[in-house]
Structures are given as structure tokens and as C-alpha cells.
Amino acid sequence: VQLVESGGGLVQPGKSLKLSCSASGFTFSSYGMHWIRQAPGKGLDWVAYISSSSGTVYADAVKGRFTISRDNAKNTLYLQLNSLKSEDTAIYYCARRRWEYWGQGVMVTVSS
Amino acid sequence: DVVLTQTPPTLSATIGQSVSISCRSSQSLLHSNGNTYLNWLLQRPGQPPQLLIYLVSRLESGVPNRFSGSGSGTDFTLKISGVEAEDLGVYYCVQSTHADTFGAGTKLELK
């Protein structure tokens, strides 16, 4: 099993970014997936979850600004980040439903 | 939202010492299906977290059996029976019974 995040970088406040998580080694369409973030030097912060049937749940801090989605044909999980704020600066991880597999993470820095 | 309170925030141990970490929930984590979705993770420096314990007390495959979990309802404990150097890092509890939330973490360091 492998999860590889991409799409991070430096972005200005108020702008948008789309993260990807490419999955391999398992039947991606059968599993729910999480996005989690970790601000520099801080703890883990759950962001969003998408079920195998594409039902979604969001943390209050990102509801209305972030959108989680998936493309089962491409074995890829996405996180669309809109209206970014400085407090969204973090490493963003994807993880499988039961927390048993994690990606290495991708850094998002929101700064002018 | 469910709040998970971990104690202590920092734990100093010697190699071979047994230690425990507490995770208390603001709501019962017993799901209507009878499962309690409380897991424990370890994050070593510079690494993503790894799953140690799921469903309160089930040891994840490949995890040494010096790790054990217990508890029910709102009170849960992770025990390490004989700390080894590779166990150093930050331990998190995470619940998935309600919208997922993490505890603030417990840093295990060498005394």
C-alpha cells in the first residue's frame, strides 16, 4: 500500500490550491479516506473524510472552504482548498479509513 | 465536537520502564453498532503517524505486543510495558465514533 500526496506549495492568502493523494496497492474504491493536517510544531488536526460511496464530512474550521473528492478511476483522492488563511499553513496528510496507512505529507504555506 | 483530553502532555521514561497514557473523551465513544472507535497512533520525529492500536485494544499487525490498550465509554489507556528507544515520539488518541477528532498528544522522551 502506498499513498503519495502532491500539489502543495506557497500560496497567498485568499487564493486556492488543490492537493492530490495517489493511492496504490489496494482497491481504492472500497475504502473511505481522510485528510489530516499538522501545523508546524503542533498536533494532528482532522480535516475531512470521504466514504467509499463519496459521502463527505468536514471539520468546522474548513467547512465551506475545503472540498474533499475522489476519482476511483484514477485511484486518487483530492482536497480543494479555497479562501486560504495563514492558519491553514500545515503539512497535509492523506490516510486510509482505519488510520492504518498514511502518506508522507505535503506542505502548504499560506503567506503573502 | 468530541474533545479528547490526553494526559500527561509529556512523559519522561527510562529504557525498560512501563508507562501509561490516558485519553478521556467528552462523550461516550460507544457506537450504536457496538464498536468503540478509539485508536492510538505514534508519530516519530519527521515521520507520519503510524497506527498502534484500533478499536480500543486490538494490536495492529506488526506492532510489538509491549503496546496494549484498554478502556471503555469515555476513559481509555495506552500502556507500554518496557519502553524501548524506538518508542520515543508523540502518541495520539483518535476517535472515529463521531466526526473524527484527535487528542493533543503525549510526548514520550528519555529521562
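Residues numbered from 1 in each chain as written. Chains lettered and ligands numbered in written order. Predicted model: local features only at pLDDT ≥ 70, side-chain atom pairs only at ≥ 80, totals over all residues. Heavy atoms only, no water.

Novice: What am I meant to see in the overall build of chain A here?
Specialist: Helix and strand counts for chain A stand at 0 helices and 10 strands. Order of helices (α) and strands (β) in chain A, N terminus to C terminus: β-β-β-β-β-β-β-β-β-β. Taken over C-alpha atoms, the radius of gyration comes to 13 Å for chain A, in line with the 13 Å a tight globule of 112 residues would show. Principal axes of the C-alpha set define a box for chain A whose edges measure 40 × 25 × 25 Å. Of all 112 residues assigned to chain A, the portion counted as buried reaches 46%. Contacts spanning at least 24 positions in sequence make up 52% of the contacts within chain A whose residues lie at least 6 apart. (Helix = DSSP H or I, 4+ residues; strand = E, 2+ residues; numbered from the N terminus. Rg over C-alpha atoms; globule rule 2.2 N^0.38 Å. Buried < 20%, exposed > 50% of the residue type's maximum accessible area, 1.4 Å probe, protein only. Contact = heavy atoms within 4.5 Å.)

Novice: Whenever I open this one, the overall build of chain B confuses me. Can you help?
Specialist: Secondary structure assignment for chain B yields 0 helices and 11 strands. Tracing chain B from N to C terminus, the helices and strands come up as β-β-β-β-β-β-β-β-β-β-β. Along the three orthogonal principal directions, the C-alpha set of chain B runs to about 40 × 25 × 25 Å. Of all 111 residues assigned to chain B, the portion counted as buried reaches 46%. Of the roughly 5,100 Å² of accessible surface on chain B, a fraction of 47% belongs to carbon and sulfur atoms. (Areas by Shrake-Rupley, 256 points an atom, 1.4 Å probe, with all protein chains shown as cover.)

Novice: What am I meant to see in the nonpolar core here?
Specialist: Within the largest apolar cluster, 43 residues are counted, with the highest numbers of intra-cluster contacts made by Trp35, Tyr92 and Trp99 of chain A together with Phe102 of chain B. Not counting chain neighbours up to four residues away, the residues in contact with Phe102 of chain B comprise Ile36, Leu44, Asp45, Trp46, Trp99 and Trp102 of chain A together with Leu4, Leu41, Tyr92, Cys93 and Val94 of chain B. Listed in part, the 23 residues of the second largest apolar core include Leu4, Trp40, Val63 and Leu78 of chain B. (Core = buried A, V, L, I, M, F, W, Y, C linked by side-chain atoms within 4.5 Å.)

Novice: What's the story with the interface of chain B and chain A in this structure? I'm lost.
Specialist: Size of an interface: often given as the accessible area lost when the parts come together. Facing 16 residues of chain B, the contacting portion of chain A comprises 17 residues. Both faces considered, chain B and chain A share a buried interface measuring about 1,300 Å² in area, 59% of it formed by carbon and sulfur atoms. Considering only the surface of chain B that becomes buried against chain A, Pro48, Asp100 and Phe102 of chain B emerge as the three largest contributors, covering 38% of it. Between Glu60 of chain B and Arg98 of chain A there is a salt bridge whose closest N-O contact spans 3.1 Å. Taken together, the connections running from chain B to chain A amount to 5 residue pairs in polar contact (both at pLDDT 80 or more). Sort the elements by how many residues they give to the side of chain B that touches chain A and strand β4 (residues 38–43) of chain B lands first, with 3 residues. (Buried area = accessible area lost by both parts, 1.4 Å probe. Salt bridge = Lys/Arg side-chain N within 4 Å of Asp/Glu carboxyl O. Polar contact = N/O pair within 3.5 Å; in protein donor to acceptor, adjacent residues only side chain to side chain.)

Novice: Just checking my understanding: could you explain the pairing of strand β4 (residues 33–38) of chain A for this structure?
Specialist: Two faces make up the sheet, and in a regular strand the side chains alternate between them. All names here are of chain A. Buried residues dominate β4, accounting for 6 of its 6 residues. For β4 and strand β5 (residues 44–50), the ladder comprises 6 bridges, and the chain directions are antiparallel. Note on β5: the bridge partner recorded for His34 is Tyr49. Taken together, β4 and the strand that follows it, β5, pair antiparallel across an intervening segment of 5 residues, in which Gly41 is found at a positive phi of about 75°. Bridging between β4 and strand β9 (residues 90–96) involves 6 bridges; their strand directions are antiparallel. Bridge pairing links Trp35 to Cys94 in β9. (Pairing = 2+ DSSP bridges.)

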